[in-house]
Amino acid sequence: MPLNAKIPAGALDSKWKNYKATCKLVNPANKRQLEIIVVGTGLAGASAAKSLGEMGYKVKAFCFQDSPRRAHSIAAQGGINAAKNYQNDGDSTYRLFYDTIKGGDYRSREGNVHRLAEVSTNIIDQCVAQGVPFAREYGGLLSNRSFGGTQVQRTFYAAGQTGQQLLIGAYQGLERQVSLGTVTMYARHEMLEVVLIDGKARGIIARNLVTGKLERHFGHAVLLCTGGYGNVFYLSTNAMGSNVTAAWKAHKKGAYFGNPCFTQIHPTCIPVSGDHQSKLTLMSESLRNDGRIWVPKAKNDTRKATDIPEEERDYYLERRYPAFGNLVPRDVASRAAKERCDAGYGVGSSKMAVYLDFASAIERYGKTEANKQGKPNASKQEILTMGKAVVKEKYGNLFDMYEKITGENPYELPMRIYPAVHYTMGGLWVDYELMTTVPGLYALGEANYSDHGANRLGASALMQGLADGYFVIPYTLGNNLADDIRTKAIPTDHPAFVAAEKEVADRIQKLMSIKGKESVESFHKRLGKIMWDKCGMGRNAEGLKAAIQEIKALRKEFWTNVRIPGEVEAFNPELDKANRVADFLELGELMCKDALDRNESCGGHFREEYQTEDGEALRDDEKYMYVAAWEYLSEGEAKMHKEDLIYEVVHPSARSYK
């Protein structure tokens, strides 16, 4: 039976307007009687908790960090998209909608994506009102830059720390509600189970990470805003604490998991330097706005980058994709870099890197600056000095970060970059109202699958997180809670809470009683290697089948040989990590199954058996134009349900950036 996405009727550009005009409302007095649990306080969670608290709901917000300001949203660098057309270069709501659908390789839902494009403009106004210090032009207008997959400038930014500034804006709003008493903040708490009563989500079991004690919390609805699961690969650009646990617990309680194999590889990361690494560092995609990517034309060229003359360089993105050049989407840029390195043109000691070069941008900006200062005959050195100052103003913190990590000065030498795991387009399946298949349980931001299809365009993660929290959930939650206003708060000694807490306690006890010989970290590392090698940038049936068996064996070994020191009712980071890795070991298998089942290449899912003659992704719209929504049956067993994707406005075509 097909899944019901609850897309409103009517023309695409009026669906959201009509929904808002006709949805049910909860009056202010009734809002004060309703309790909402928000798990996760990144951009989606903080904006949702702030908005719902301001509306009068009683909100409980949970984060495993010591402060919402530690959420991984803070790591986003390059910007946030919005269709304001400040540049007068042809942008519009429709164009942002179209670019997002096309960028996702026609594997996302039209209704959700159009709504996202519509509310994008509101987000910028909201954030400016909060005091977010977006970059501005000389005259005071907000500045924009380009990102991959678009031919317009629609990305608003705050140097290379946009995520941090947006999160501080949402955090200020959240803390105001905390001080007013509408939001209660539970820091250093991790959700380990969702509580269902009569088939509805009515609360969570959380572990206090400082004392180790388990706690029961009731809510009329539960919102999961817990980010993505990229750390299943171990090495990724995600914070080390980022995990899938909240979403996975929901999945095991009946929430379908949508498109788990859709993982985004980011093309501009600092390359792996050795086995000692625990995470990778992102260099913002905004750098491709001005930087040019190249490799030597000769294989195994060992010369310094600055010694290789222009005519001996292959600007392969500009060569292969003349219309978009260095601004092709992330999946295309990532595969192109891998192809060049695999063919023997890679640079650096590992030969698994390409150059990202700012020399021409520095010169271009320097000449512009010289003209502005009335120095048309400025010397080359003066031009370079002025150009570096402009680049520093735009990207300075990114260049500083690169130099700290690599010891090389990117103003003088090209950066060396290589693709790495970054974002997950898959996540809990949700309908138009952001509700999962479990009534009363919602997923927002990266935790859901809904808006990005098989590949997310850069600068759209911040857009989606804030759209869901500020502008979508306040309407859709009320529409459903309007029927729940007579439900009194359920005491946490209810049998469902008791049973859920026992389930969590038993699992923790089982983990602690193993007393094996291998650390949690080593199991995570081994899982990550299987996933990257066999379900990473390139996938094939043989590798995926092998990966499934290897993960099963690794999971069995984990549950018989993991070593977790310390006590249960105490501060125990190794136990926290073990809980998360146990869930990754189950998720990894489902990701491989999903990738094996999808016999096509689309976006970040590149099945090597399905590609065009020139190495591009080869979709199969006839057989695979659907969302794969997986239902949990038992460990290692899942059933796939399909949500057919119907395109009424955009007609899927071969995705070309040439």
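None of the values given here were measured: they were computed from a predicted structure.

The rules behind these values
- Residues numbered from 1 in each chain as written.
- Predicted model: local features only at pLDDT ≥ 70, side-chain atom pairs only at ≥ 80, totals over all residues.
- Heavy atoms only, no water.
- Pairing = 2+ DSSP bridges.
- Helix = DSSP H or I, 4+ residues; strand = E, 2+ residues; numbered from the N terminus.
- Axes fitted to C-alpha atoms, helices over the stretch in contact; angles between N-to-C directions.
- Contact = heavy atoms within 4.5 Å.
- Expected span 1.5 Å × (residues − 1).
- Buried < 20%, exposed > 50% of the residue type's maximum accessible area, 1.4 Å probe, protein only.
- Arc of directions from axis to C-beta.
- Core = buried A, V, L, I, M, F, W, Y, C linked by side-chain atoms within 4.5 Å.
- Phe/Tyr/Trp six-rings, centres within 6.5 Å; stacked < 30°, edge-to-face > 60°.

Draft legend 1. Broad picture of the sheet that holds strand S6 (residues 189-197). Pairing in this open sheet of three strands is antiparallel, and the strands run S6-S7-S8 from one edge to the other. With one partner strand each, in any of the chains shown, S6 and strand S8 (214-218) form the two edges of the open sheet. In this sheet, neighbouring strand axes are inclined to one another by 25° on average, regardless of whether the strands run parallel or antiparallel. By the bridge criterion, five bridges tie strand S7 (residues 200-208) to S8 in an arrangement that is antiparallel. Residue pairing for S8: Arg207 is matched across the bridge by Leu214. Across the sheet, helix H14 (residues 495-512) lies against S6, S7 and S8, angled at about 140° from S6, the strand it touches most.

Draft legend 2. Broad picture of helix H15 (residues 520-535). In a regular helix each residue adds 1.5 Å, so 16 residues correspond to 22 Å; H15 covers 22 Å between its end C-alpha atoms and thus fits that length. Every buried residue belonging to H15 is among Val520, Phe523, His524, Leu527, Gly528, Ile530, Met531 and Cys535, and all of these are buried. Projected down its long axis, H15 shows its buried positions confined to an angular sector of 165°, all on one face. Buried-residue contacts for H15 involve strand S18 (518-519), helix H16 (541-561), strand S19 (562-563) and helix H17 (573-597).

Draft legend 3. Just the nonpolar core, in detail. One finds Ile36, Ile80, Leu223 and Phe558 to be the most contacted residues of the largest nonpolar core, which totals 150 residues. It is H17 that contributes the most residues to this core, 11 residues altogether. Membership of the second largest hydrophobic core comes to 33 residues, among which are Leu356, Ala361, Leu398 and Phe399.

Draft legend 4. Spatial organisation of the packing of aromatic side chains. This structure, assessed with the given rule, holds 22 aromatic pairs. Ring centres of Tyr94 and Tyr98 lie 6.4 Å apart, and the angle between their planes is 15°; on these two criteria the pair is classed as stacked. Remark: Tyr98 and Tyr94 occur in helix H4 (residues 93-103); sequence separation between them is four residues, near one turn of the helix. For Tyr94, a relative accessible area of 42% translates into the label partly exposed. The exposure class assigned to Tyr98 is partly exposed, which follows from its relative accessible area of 28%. Measuring from centroid to centroid gives 6.3 Å for Tyr106 and Tyr647, while their planes differ by 80°, and the two rings are edge-to-face. Of this pair, Tyr106 sits in the loop between H4 and helix H5 (110-130) while Tyr647 sits in the segment after strand S21 (637-644); the two residues are 541 residues apart in sequence, bridging distant segments of the chain. Accessibility classification places Tyr106 together with Tyr647 in one group, the buried group.

The analysis is restricted to geometry; functional conclusions fall outside its scope.
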